[in-house]
Amino acid sequence: MTRLSWSRLDGTDCIRLAGLAPGADVQVRPAAAAAAAGIPAAGLPPMGGRLAADGADACFVPRFGFVDGTAYAVTVDGRTAGVLRRPRPDRPATAQVLAIYPAADEVPRNLLRCYVWFSAPMSEGHAAAHVWLADDAGTPLPGALLPTEHELWDAGRRRLTVLLDPARIKRGLAGHRAAGYPLQAGQPVRLVVDAGFRDAAGTPLQAGAERRYAVGPDERRRVDPAEWALAVPAAGGTEPLRVTFDRPLDHGLLARCLHVTGPGGSRVDGTPQPGPADRSWQLEPRAPWAAGPHRLVIDPIVEDLAGNSARRVFDRDLGRPEDDPRASGFITVSFQAR
Amino acid sequence: MNEHSEYGLQAGTADIGSAGPIAFGPDGILFLADNAAAKVFAVDVADPGPAAGPEPFDLDNVDVRVASFLGCEPGDIVIRDLAVHPVSHNVYLSVQRGRGDGAQPVLVRIDALDGSVTDVPLDDVPVATAAIYDAPAADDERLDITLPLGEEGEEVTYGTRTFRLLRQPIRTATVTDLAYVDGTLLIAGLSNEEFSSKLRRIPFPFRDDAAGSSLEIFNVSHGKWETAAPIRAFVPYDGGASILATYTCTPVVHFSLADLQPGAKAVGRTVAELGAVNQPLDMISFRQDGQEYLLVANSAHGLVKIDCRDIDVQAPLTEPTEPVGVPRETKDLQGITRLANLGEGYVLALQAAGGRQHLRALKTASL
């Protein structure tokens, strides 16, 4: 009679088999897999792994680690020797939604993108079920977000990028013609993240979160730095340079598309910071501002909330020559610190 | 090992962080995209199989079988892509096992003769690596800094206290599809920030400066609106001189690679729309009676078949009226998410049905 137990061998989880006859054929399979497919377990490949001797016992060391909460059926020479279930640790919910972007209270009807920041690394595969757009009464707006197999995370899996379905925003496409814009001007919406979203350990959030937006008219103009207002600091001081935009810009791109160069052309070192509602940006220098010519340097890929960049509008009406794309080089706005 | 020195492969580890699309290149070299590290690995998979005949290959419940081998429930795996070895017809699956901290990419091989499942070791194999996207811009110093639970990151000392910090980039790119044509690896991707359509060309064998060049692709919809969108799936066409691409917003666009310089803007010709509330999932070309056809797997429709002769003569779409673009035939084959050529006679499809996933050989003569 073979006795089974969870054990460890050389620092790895294993199944210990005591009383195993020499030369016996041991196979391990996740117990529920065969039932799920309605086929005999023996018809499924056994779990990859090796049998290692440890004293009088044998240990099944898996090629891929055991999964918490999963039951494993062990057969010896084709006969069931037992089923062992991995315990599922009872972890308290600790992860939270830290912020939802856009930070603006009102978004254009052709809003393209939202971001959700979590307090901890999260698991992939939950966005489609646990992030949605709802109307002001909380009723989900089906088909508003882009259903994609590819969840868009930062490398730390703390920031999730959520796209509204571009086929419904772009004029002329089948999705737009058949289903119309995902949002309607004048009808507020909520971006909802429910508590079922799992963190990296598989634990749900402490609580769901949502952000409400008023919906305004379309934004179809190219982002134009000539429309921005600069509050220029005095030379010799460390007051920040403040740049105010004519509209909110994209949270992700704003954080990396602007910088400042000084009189010698070298970059001004300091602390950049987006302003309220991503309608402004400031740079507080590490050293006092030098006197002389400075440049605000803008990467033209910077976008507004509707995906219009400083280089091109999101969907260009070929009948509007004023919307022709501009060259791809950096855009500069000159100012003098005095 | 020496047989692949011409491709610059050297013994090492394909240290893949996240399972992405896969595609075969020359001489049984498999390209694997790593979406976590924005890299592509070229690996000699040392396929052990004999040359295959013209037989089909079917395998029911492939998700259950792979999960059983990997020691988890079928719901714990995601099959990200499918490739068929051109000689042995062994099937390679790019699989992500688990979802969070325990997530692990695995390259799985299914034997074409007996359907047995193994994993392909990725350590101490002939391998070469290339960065896929432009490194984050020099002015993008943003890093998400966290306190790791494990041994990741770097040790930092402040005063008398020492702890670990993990710094990871915020801007990332996800590979949506890749293909190899005549010394060039073509890669399409999706940014987590800017909305753009870029096709990257990386020469293979990889060189030291292997970042390659990128093309920005625009397409004109109905003669009125010019737009760009991330490419979801594509196939080299016309011997690699052009590309047929499908987008997150479903048009099929034809554009030529010839004469395009790095950094150039390409404007494609929209030749078909595949319908509203639909996502194209994969695309291949195949031959039937000496003619080339395109097959597109869709989220909302069956498999769509398009005669490439119709693409060649299709004028750019100018009117937003039905029917939209080239004639197409919709096959009553639902739930197909991935496609690969299985020799000349068959197309191998990964098909969801009855809550499970299956590998099905579709006879090209009857498609």
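Q: Got a minute to help me understand the overall build of chain B in this structure?
A: The secondary structure content of chain B amounts to two helices and 28 strands. Put simply, 52% of the contacts in chain B that link residues at least 6 apart link residues at least 24 apart.

Q: It is not clear to me how the pairing of strand 7 (residues 104–110) of chain B should be interpreted in this structure. Could you clarify?
A: When a strand is regular, its side chains alternate between the sheet's two faces. All names here are of chain B. Across the seven residues of strand 7, six count as buried, placing the element largely inside the fold. The loop that links strand 6 (residues 91–97) with its antiparallel partner strand 7 comprises six residues; one of these, Gly98, has a positive phi angle of about 85°. Judged from the three bridges that link them, strand 7 and strand 8 (residues 117–119) form a sheet pairing that is antiparallel. Residue pairing for strand 8: Val108 is matched across the bridge by Asp119. In sequence, strand 7 turns back onto strand 8 through a hairpin of six residues, with Gly115 there showing a positive phi of about 75°.

Q: Teacher, can you tell me more about the interface of chain A and chain B here?
A: Put simply, an interface is often sized by how much accessible area is lost when its parts join up. Taken residue by residue, the interface counts 62 residues in chain A and 59 residues in chain B. Those elements that place two or more of their residues in the side of chain A that touches chain B are strand 3 (26–30), helix 1 (31–37), strand 12 (152–153), strand 13 (159–163), helix 3 (166–169), helix 4 (174–179), helix 5 (251–257) and strand 22 (315–317) of chain A. Looking at the side of chain A that touches chain B, the element that brings in the most residues is helix 4 of chain A, giving five residues. Of the residues contributing to the side of chain A that touches chain B, the split by class is 31 nonpolar, 14 polar and 17 charged. Judged from the three bridges that link them, strand 22 of chain A and strand 17 (residues 225–227) of chain B form a sheet pairing that is antiparallel. In the sheet register, Asp317(A) faces strand 17 of chain B, and the bridge partner there is Trp225(B).

Q: Even after reading the chapter, I still don't get the pairing of strand 2 (residues 12–18) of chain A, so can you show me in this structure?
A: Residues and elements named next belong to chain A. When strand 1 (residues 3–9) meets strand 2, the two strands line up antiparallel, connected through seven bridges. Considered in strand 2, the bridge of Ser5 is made with Arg16. What sits between the antiparallel neighbours strand 1 and strand 2 is a turn of two residues, in which Asp10 has the positive phi angle 50°. As paired strands, strand 2 and strand 5 (residues 57–62) are joined by three bridges and run antiparallel to one another. In the strand pairing of strand 5, Arg16 is matched with Cys59.

Conventions adopted
- Residues numbered from 1 in each chain as written.
- Chains lettered and ligands numbered in written order.
- Predicted model: local features only at pLDDT ≥ 70, side-chain atom pairs only at ≥ 80, totals over all residues.
- Helix = DSSP H or I, 4+ residues; strand = E, 2+ residues; numbered from the N terminus.
- Contact = placed C-beta atoms within 7 Å.
- Buried ≥ 20, exposed ≤ 12 C-beta atoms within 10 Å, placed from the backbone.
- Pairing = 2+ DSSP bridges.
- Nonpolar A, V, L, I, M, F, W, Y, C, P; charged D, E, K, R; others polar.

The values reported here are purely geometric and, on their own, carry no functional implication.
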